[in-house]
Amino acid sequence: MSKLLIPIDFSENASVAAHYAAQIAITTNNEITLFHSFTSHINKFANTKHLVDPSEEDAKLKMETLVAELLQKYPSIKISTRFANGILAESLEKQEIKDRYQTVIMGTKGATGLESVLIGSNTYDVIKESKIPVLAVPKNATKLKKDNIGLLTNFKPGELEVLKQAIPLYGNNFHLQLIHINTKELEINTLGNKLENWIEQIIAETGIEDISYIVKSPSYFAGSRENIANGIHTIIRDEDIDVILITKSRKSFFQNIFTENIVKHMAFEIEVPNFFGRVE
């Protein structure tokens, strides 16, 4: 049964994501599925049966080449391929995807510029619509690193659920860096107690024991003349974080990112893999 779904458009970014997923599969013994969506003819030939897309043969040859490349480098992994017609985000909304796969792992352009993320990019659409977690991998993430993983936290149960969703990919033998933005301006003692209790709960439910936290007040962002997204990326760089976990739900920090239009800035600045967990 396939667990990791990797959308492939035969770009360098997709290839990096496939190699990153393969490195995860080696340690987790998961099968990876390379998934390509044909979109060029869906409107013109919507009512035509048994018509072969002119690009299908070429796509399948390229897919075979990618599979061979991955198997040569990672001979022990299990790989399957899948092709579908339609827009990628719509394909990934289907219930069978939720039932069959654990995580979508897909490439992005990273720090080279992601303006397309807000102009119809598949990555942005999938992050918003996917029923399962999405791991966005920047082009510079050619090697799997998981020593120091960050979690944006506001002490919500959904954040713990997202952490649990990431454990099948990264295990629980890593340093967990909690990142809290003290928007309510809580007193240091009160906030410290909340964090210590939160850490105890995380340890009890995940087995992750190596945990620390960093707290920033909103004035940190204003004082440095940075928006929140750039401030978060500054923290990621300063703390040498390998992966950042972000909770996607109606009442989460992730949704605040969308309402504040911060995701555009984050997209331009993405430097490490971003794991967008999904909670109801």
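On a predicted model such as this, the values are computed, not experimentally measured, just so you know.

## Details of the packing of helix 6 (residues 157-170) against helix 7 (residues 188-206)
- Two numbers describe how helix 6 lies on helix 7: the axes approach to 11 Å, and their chain directions differ by 40°. You can see that helix 6 and helix 7 cross each other, and the crossing is right-handed. Across from Glu159, Leu160, Leu163, Lys164 and Ile167 in helix 6, the residues of helix 7 making contact are Trp198, Gln201, Ile202, Glu205 and Thr206.
- Residues belonging to the contact of helix 6 with helix 7 are distributed by class as follows: 5 nonpolar, 2 polar and 3 charged.

## What to know about the pairing of strand 6 (residues 148-152)
- In terms of burial, strand 6 is largely enclosed, as 5 of its 5 residues are buried.
- Where strand 6 meets strand 7 (residues 175-181), 5 bridges bridge the pair, whose relative direction is parallel. When the sheet's bridge partners are listed, Leu152 is paired in strand 7 with Ile179.
- After leaving strand 6, the chain enters helix 6 and then returns to the sheet as strand 7, a path that is right-handed.
- As judged from the 3 bridges shared by strand 6 and strand 9 (residues 243-248), these two strands associate in the parallel manner. Pairing of Leu151 across the sheet is with Leu245, part of strand 9.

## Brief notes about the pairing of strand 4 (residues 103-107)
- Strand 4 sits mainly inside the fold: 5 of its 5 residues count as buried.
- Neither face of strand 4 is open: one carries Thr103, Ile105 and Gly107, the other Val104 and Met106, and all of them are buried.
- When strand 4 meets strand 5 (residues 134-137), the two strands line up parallel, connected through 4 bridges. Of the residues in strand 5, the one forming a bridge with Gly107 is Val137.

## Describing helix 2 (residues 56-73)
- With 18 residues, helix 2 extends 26 Å from end C-alpha to end C-alpha; this agrees with the ideal 26 Å at 1.5 Å per step.
- Along its buried surface, helix 2 packs onto helix 1 (12-28), strand 2 (31-38) and strand 3 (78-85).

## Digging into the pattern of salt bridges
- Scanning the entire structure with this criterion turns up 3 salt bridges.
- The shortest N-O distance in the salt bridge between Glu205 and Lys164 comes to 2.8 Å. With Glu205 in helix 7 and Lys164 in helix 6, the pair connects residues that are 41 residues apart, well separated along the chain.
- Of the residues examined, Glu205 reaches a relative accessible area of 38% and is grouped as partly exposed.
- With its nearest N and O atoms 3.0 Å apart, the salt bridge here joins Glu271 to Arg237. Here Glu271, found in the loop between helix 11 (263-269) and strand 10 (274-278), pairs with Arg237, found in helix 9 (residues 228-238); they are 34 residues apart in sequence, far enough to count as distant.

Calculation rules
- Residues numbered from 1 in each chain as written.
- Predicted model: local features only at pLDDT ≥ 70, side-chain atom pairs only at ≥ 80, totals over all residues.
- Heavy atoms only, no water.
- Axes fitted to C-alpha atoms, helices over the stretch in contact; angles between N-to-C directions.
- Helix = DSSP H or I, 4+ residues; strand = E, 2+ residues; numbered from the N terminus.
- Left-handed = near helix turned anticlockwise from the far one by under 90°.
- Contact = heavy atoms within 4.5 Å.
- Nonpolar A, V, L, I, M, F, W, Y, C, P; charged D, E, K, R; others polar.
- Buried < 20%, exposed > 50% of the residue type's maximum accessible area, 1.4 Å probe, protein only.
- Pairing = 2+ DSSP bridges.
- Right-handed = clockwise from strand over helix to strand, strands pointing away.
- Expected span 1.5 Å × (residues − 1).
- Salt bridge = Lys/Arg side-chain N within 4 Å of Asp/Glu carboxyl O.

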